[in-house]
Amino acid sequence: MDSAEIRESFLKFFEEKGCKRMPSSSLIPDDPSMLLTSAGMVQFKPYFLQQKQLEEPYVGTTTVQKCLRTSDIDNIGRTGRHLSFFEMLGNFSFGKYFKKEMCAWALEYSLDVLKFPMDKLHFSVFEDDDETIEIWQSLGVAPDRIVRLGADDNFWTAGPTGPCGPCSELYYDQGEECGCGSPDCAPGCDCDRFIEYWNCVFTQFDRQEDGTLVPLPKKNIDTGMGLERVAALVQGKHTNYESDILIGMIRMCEEITGRTYGESQADDMAMRIIADHSRAVTFMIGDGILPSNEGRGYVLRRLLRRAVRYGHLLGIEEAFLGKFVDEVVSEMGCAYPEIVENHELISRIVLAEEERFRQTLSVGQAYLADEIDALEGDTLSGRAAFTLHDTYGFPFDLTLELCSERGIKVDEEGFRALMEEQRERARSHVKDLAWSTYEGLYPAIVEEFGETEFIGYDNDECEAKVVAIVADGQRVEALEGEGSQGEIFLSATPFYGEMGGQVGDIGKISCGDAIFDVTDAQRPEHGLISHIGKLCGGRIEVGSAVSVQIDRMHRNRIERNHTATHILHYALRQVLGDHVKQAGSLVAPNRLRFDFTHFESMTPAQIAEVEGIVNGKIMADGAVSYHESSLASAREAGVTALFGEKYGEVVRVLECGDYSKELCGGCHVRHTSEIGFFKIVSETSVAANTRRIEAVTSYDALDYVNRMLGELDQAASALKVSPTGVVAKVESNAKRIKELEAELKRAKSASASEGGLKAAKQESVEGAFKLEISLFEAAGIPELKDYWDAKKAKSTDPFAVFCAAKNAKGEPVMLAAGNDGAVSAGFDASAAIKALAPTIAGRGGGKPAMAQAGGKDAAALEQAFDEAKAFFGA
């Protein structure tokens, strides 16, 4: 069986057992406490916690979940088992079936579908779990094939307290030749003989504060089986990287490098890292994660750069990761259409990031060279190595390698201490856990009253019931008195809670003579809309019947801007290319902001073309409509799913004319002409490979244009020309300013050569070239360069200078420079500066023809002058 067949066979097997087949969720989890989706159960936490119920007649769910873990990144590539990106086959029960069924199905699938021989299987159980041992034995498993392991191996917990339970793991025996040779080798050993391929977690207890285990009223099943590992076992391979799903990338490494997998441990490790990280990078970008210096973006950047680094070690000099992206998309695109849809974007981001890192490597190598040159001993500090890693993105192993080549050691302990400090800071902000608790008052409101019914697509007002009130972070029974602030939760509402970039509505909630001024609407919990504001008088209490009304003018302006973002997205793709994807947005009443993937600033002509397309679609008065659809049907119909967004099974499809179909749950105009007028205000960069357009529509666009015209009139008046003559007048003035600046520079140079700079001390050295050593009392680097320019212009013979001075800030500076004749005769400005700069407690550098330095010890300038004379033999 190949990987695709195993993937489908698993889903089909558990469908036939009554489980609902569910799609993989995004690598970006809904849980804000998690960095990345690291297990199949992540999307089902609300079901495990009884916050959601699975519809009848299903007994559970089954998925193939894309997962990413980097906790053991140092082992990835070193072994054949570890992966950062992997697919987890899983089946889950939320109280419908438990151990007996799970054990029976696991054995049935292993024997009948995967065709594993019974004599190759072994089973581990928690040491106190006699029940599971009895179940396995009742299914025909011999007692000597069952091993009891302790809590570290076979007992799962969500934390010190809360849901927990024993595990039972299935192992495949690869034979003694793959083992460690120890007579104690058994399931649980770290060698490659017994491969754990399926973990079945039986969540049946609630651990109390005192450590006691209270049985849960509904017992759950959470299982996970790595597709890559199972594929390797089924296909008779000893490592994940030799299975059909990864071997193609190993072969590509061989083709690019000319090296053969299996001949060198170092080469094998590098190839495995490239193969693994290429998959991780492809899927992360496909799910909307972009390279950055924090959070998920940092994980992506680290994996990508690590792959490039190991490509460098294999001798690959040109950009190469794009070829691996193509291989991943070809191999896995059928199962994951999002990487096909975003293929061009993924490739372009990878190329841009790869090229950027190669430039970073160059800058980092220069920094490292300076640090090594400044060393007084033979050990590079941990701080310098950390700066290379943190600021320049320099892999630590590259620092070790380059230092080793020059006989320099590295303070690894200091480096690792600084890295641990950084990790601790990261851990305090983000928990990379597969399970975290959903606690707080907002989930409790949803659990008690259900989700808020949103009726705002077609209604501006309604009658509703107050189901809950929150003030100062606590649920209260009422708000009373003018100025009382809080959040009101209703049974139904026309208020749109902020989501998908669209800001919340404003308006009023009234109950008799009480009026609650709603200044914002938010969604603190999935399906729950919070009306935030303050009471203008009277009393509103839980259970009150209220009248609810949004501010229609505020909503109209939001709708115009929101529909405009969809037309803008279409126009950008028309002008810039299909790689453009939405990467974020803000839809407010007075402006819109649209972030999109692109790799360079837009030209004025491109901006004008985009504006023209958007305004053309507005003036065409196209119909704007929406309908609900299943996510699968929408994808099949070619509807654009916005980059990085996560969707449920039922989605809302927005259509603008016949040119734009996108998934969107926001509020929109009914005809494009309602937008009125669209104007781009700015186009800037917000991150690597991400651009931002800010724009205005309707009356705000008219106000913006009128302000710009007013400023143009003021400029014309100041320049004493008509508005149409402003550009020509500004160009003429700029030309004249440039001419005057050139005249001033020439005058300064002449002044410097004619004594504008007077040396406090000066010595001349005659030899293969003439050298002038000067000490000035007051001059900065710019003045010293002017002095050199004037001297150079007057000398046709080999000539050089060394100058030292105190600048306007009182800091010591040095400049050494020589003409071509002096350099040919042996003058080296860079060598001189590196030798003499420490005298003034400074550092510097440059080239043989010119170098400069700055320092901290101005009192040492006299000493520097004397040492310069000695250095040059004066």
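Structural notes, computed from the coordinates. Small disclaimer: the values here were computed from a predicted structure and weren't measured.

Here we come to the overall build of the protein chain. Secondary structure assignment for the protein chain yields 25 helices and 35 strands. Taken along the three principal axes of its C-alpha coordinates, the protein chain extends 100 × 85 × 50 Å. When the 874 residues of the protein chain are sorted by exposure, 49% land in the buried category. Across the protein chain, contacts joining residues at least 24 apart in sequence account for 67% of those joining residues at least 6 apart. In the form shown here, the protein chain has an accessible surface area of approximately 39,900 Å², with 48% of it arising from carbon and sulfur atoms. Taken as two groups, the 92 positive and 138 negative side-chain charges of the protein chain have centres that lie 5 Å from each other.

So, on to the sheet that holds strand 35 (residues 850-854). A sheet is described by the order of its strands in space; here six strands give the open sequence 30-31-32-33-35-34, paired in mixed fashion. This sheet does not close on itself; its edge strands, each paired only once, are strand 30 (759-765) and strand 34 (843-847). Across the sheet, the mean angle separating the axes of adjacent strands is 10° when strand polarity is ignored. Bridge analysis of strand 31 (residues 770-776) against strand 32 (residues 799-806) gives six bridges, and the strand direction is parallel. When the sheet's bridge partners are listed, Leu775 is paired in strand 32 with Ala804.

With that out of the way, let us pick up helix 4 (residues 130-138). Given 3.6 residues per helical turn, the α-helix brings residues three or four places apart onto the same face. Looking only at helix 4, the buried set comprises Thr132, Ile133, Ile135 and Trp136. Down the axis of helix 4, the smallest arc covering the buried residues is 160°, so these residues share one side. Along helix 4, the residues that are exposed and aim more than 90 degrees away from the buried face are Glu134 and Ser138. Buried residues in helix 4 make contact with helix 3 (99-113), strand 4 (121-126), strand 5 (146-149), strand 7 (162-173) and strand 8 (194-207).

Taking 1.5 Å as the rise per residue, helix 8 (residues 265-286) with 22 residues should run 32 Å; its terminal C-alpha atoms sit 32 Å apart, in good agreement. Burial within helix 8 is extensive, with 20 of its 22 residues counted as buried. Just beyond helix 8, the residue with positive phi is Gly288, at close to 100°.

Take the packing of aromatic side chains next. A complete count under the given rule lists 36 aromatic pairs for this structure. Ring centres of Tyr109 and Trp198 lie 5.9 Å apart, and the angle between their planes is 85°; this geometry places the pair in the edge-to-face category. Taken together, the residues Tyr109 in helix 3 and Trp198 in strand 8 connect sequence positions 89 residues apart. According to the relative accessible area criterion, Trp198 is buried, its value standing at 0%.

Quick look at the pattern of salt bridges now. Applying the stated criterion to the full structure yields 45 salt bridges. Linking Arg475 and Glu448 is a salt bridge whose minimum nitrogen-to-oxygen distance equals 3.2 Å. Within this pair, whereas Arg475 is found in strand 14 (residues 474-476), its partner Glu448 is found in helix 16 (residues 441-449), the two being separated by 27 residues in sequence. The partly exposed category is assigned to Arg475, whose relative accessible area is 36%. A salt bridge links Arg670 to Asp458; its shortest N-O distance comes to 3.8 Å. You can see Arg670 sitting in the loop between strand 27 (660-663) and strand 28 (678-687) and its partner Asp458 sitting in the loop between strand 12 (453-454) and strand 13 (461-471), a full 212 residues away along the chain. Here the salt bridges do not stand alone but share partners, grouping Asp460, Asp505, Arg552, Arg555 and Glu559 into one network.

This paragraph deals with the pairing of strand 34. In this sheet, strand 35 lies alongside strand 34 in antiparallel orientation, the contact comprising five bridges. Looking at the pairing, Lys847 lines up with Met850 of strand 35.

The next subject is the sheet that holds strand 24 (residues 592-597). Strand order in this open sheet of four strands is 23-24-29-28, and the pairing throughout is antiparallel. Two strands close off the open sheet at either side, each with one partner strand: strand 23 (582-587) and strand 28. In this sheet, neighbouring strand axes are inclined to one another by 15° on average, regardless of whether the strands run parallel or antiparallel. Alignment of strand 28 against strand 29 (residues 690-697), held across eight bridges, turns out to be antiparallel. Across the sheet, the residue bridging to Phe678 is Thr697, located in strand 29. Packed on one face of the sheet, helix 17 (residues 552-576) meets strand 23, strand 24, strand 28 and strand 29 and runs near 30° to strand 24. Sheet strands touched by helix 20 (residues 698-719): strand 28 and strand 29. Its angle to strand 29, the strand with the most contacts, is close to 95°.

The omega torsion across Glu56 and Pro57 is 5°, close enough to zero to call that bond cis. One can find Pro57 in the loop between helix 2 (45-48) and strand 2 (60-68). Positive phi, close to 65°, is recorded for Lys115, a residue that is not glycine. Mapped onto the secondary structure, Lys115 falls in the loop between helix 3 and strand 4.

It is worth spelling out the environment of His579 at this point. Residue position: His579 is located in the loop between helix 17 and strand 23. Using a relative accessible area of 1% as the deciding quantity, one classes His579 as buried.

In this section: the nonpolar core. Core analysis: the largest hydrophobic core is formed by 126 residues, its most contacted members being Met102, Trp136, Tyr197, Trp198 and Met284. It is helix 8 that provides the largest number of residues to this core, a total of 11 residues. If we ignore the near neighbours within four places in the chain, the residues touching Tyr197 are Ser110, Phe116, Leu121, Leu170, Tyr171, Tyr172, Gly224, Met225, Gly226, Arg229, Val230 and Leu233. Residues Leu568, Leu576, Val624 and Ala695 belong to the second largest nonpolar core, which totals 28 residues.

Moving on, we get to the side chain of His598. Here His598 lies in the loop between strand 24 and helix 18 (604-619). The exposure class assigned to His598 is buried, which follows from its relative accessible area of 5%. Separated by 2.8 Å, the side chains of His598 and His579 make a polar contact.

Tracing the chain through its elements places Gln863 in helix 25 (residues 861-872). We classify Gln863 as partly exposed; its relative accessible area is 43%. Taking the C-alpha atoms as reference, Gln863 lies 9.9 Å from Leu836; in sequence the two are 27 residues apart.

Relative to each other, helix 1 (residues 3-16) and helix 3 sit at 140°, their axes nearing to 12 Å. Taken together, the axes of helix 1 and helix 3 are oblique relative to one another. Note on packing geometry: the crossing formed by helix 1 with helix 3 is right-handed. On helix 3, the residues that touch Ile6, Ser9, Phe10, Phe13 and Phe14 of helix 1 are Met102, Trp105, Glu108, Tyr109 and Val113. The class makeup of the residues in the contact of helix 1 with helix 3 is eight nonpolar, one polar and one charged.

Rules used in this analysis
Residues numbered from 1 in each chain as written. Predicted model: local features only at pLDDT ≥ 70, side-chain atom pairs only at ≥ 80, totals over all residues. Heavy atoms only, no water. Helix = DSSP H or I, 4+ residues; strand = E, 2+ residues; numbered from the N terminus. Buried < 20%, exposed > 50% of the residue type's maximum accessible area, 1.4 Å probe, protein only. Contact = heavy atoms within 4.5 Å. Areas by Shrake-Rupley, 256 points an atom, 1.4 Å probe, with all protein chains shown as cover. Lys, Arg positive; Asp, Glu negative; His and termini not counted. Charge placed at Lys NZ, Arg CZ, Asp CG, Glu CD. Pairing = 2+ DSSP bridges. Axes fitted to C-alpha atoms, helices over the stretch in contact; angles between N-to-C directions. Arc of directions from axis to C-beta. Expected span 1.5 Å × (residues − 1). Phe/Tyr/Trp six-rings, centres within 6.5 Å; stacked < 30°, edge-to-face > 60°. Salt bridge = Lys/Arg side-chain N within 4 Å of Asp/Glu carboxyl O. Core = buried A, V, L, I, M, F, W, Y, C linked by side-chain atoms within 4.5 Å. Polar contact = N/O pair within 3.5 Å; in protein donor to acceptor, adjacent residues only side chain to side chain. Parallel < 35°, antiparallel > 145°, perpendicular 65-115°, else oblique. Left-handed = near helix turned anticlockwise from the far one by under 90°. Nonpolar A, V, L, I, M, F, W, Y, C, P; charged D, E, K, R; others polar.

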